Amino acid sequence: MAMVTSELKAGDAPSEEVLAGVRDAAHCPVTFDKDCPELTDEELMEFRPVDPELRLNPEFFRPEKAHKAEG
């Protein structure tokens, strides 16, 4: 599957065609390689938002998921 890049502006919504592509991609297997290795749970927990302000927006940051992964 080819990589597709698009830019949305505030107030824009993706087209049905784009949404269908995302739904189709969700069913594709993940392929790991030397450039994109599979990470351990500990490595994944090290990721943090680039913009700390995103933590204030629950749509982008849900700390309860991180706590569940730790337990």
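Residues numbered from 1 in each chain as written. Predicted model: local features only at pLDDT ≥ 70, side-chain atom pairs only at ≥ 80, totals over all residues. Heavy atoms only, no water.

## Some words on the overall build of the protein
Reasoning step 1: If you tally the helices and strands in the protein, you get three helices and zero strands.
Reasoning step 2: Reading the protein from its N terminus to its C terminus gives the helix and strand order α-α-α.
Reasoning step 3: For the protein, the residues scored as buried account for 0% of the 71 residues in total.
Reasoning step 4: Split by element, the accessible area of the protein, about 7,100 Å² in all, is 57% carbon and sulfur. (Helix = DSSP H or I, 4+ residues; strand = E, 2+ residues; numbered from the N terminus. Buried < 20%, exposed > 50% of the residue type's maximum accessible area, 1.4 Å probe, protein only. Areas by Shrake-Rupley, 256 points an atom, 1.4 Å probe, with all protein chains shown as cover.)

## Regarding the environment of Ser-6
Reasoning step 1: With respect to the helices and strands, Ser-6 occurs in the segment before helix H1 (16-25).
Reasoning step 2: We classify Ser-6 as exposed; its relative accessible area is 60%.
Reasoning step 3: Residues Ser-6 and Val-18 lie 12 residues apart in sequence; the distance between their C-alpha atoms is 9.5 Å.

## Description of the confidence of the model for the protein
Reasoning step 1: Residues of the protein with pLDDT of at least 70 account for 70%, and the chain-wide mean is 78.
Reasoning step 2: Taken element by element, the predicted model of the protein shows its lowest mean pLDDT in helix H3 (residues 63-70) (52) and its highest in H1 (92). (pLDDT = per-residue confidence, 0-100.)

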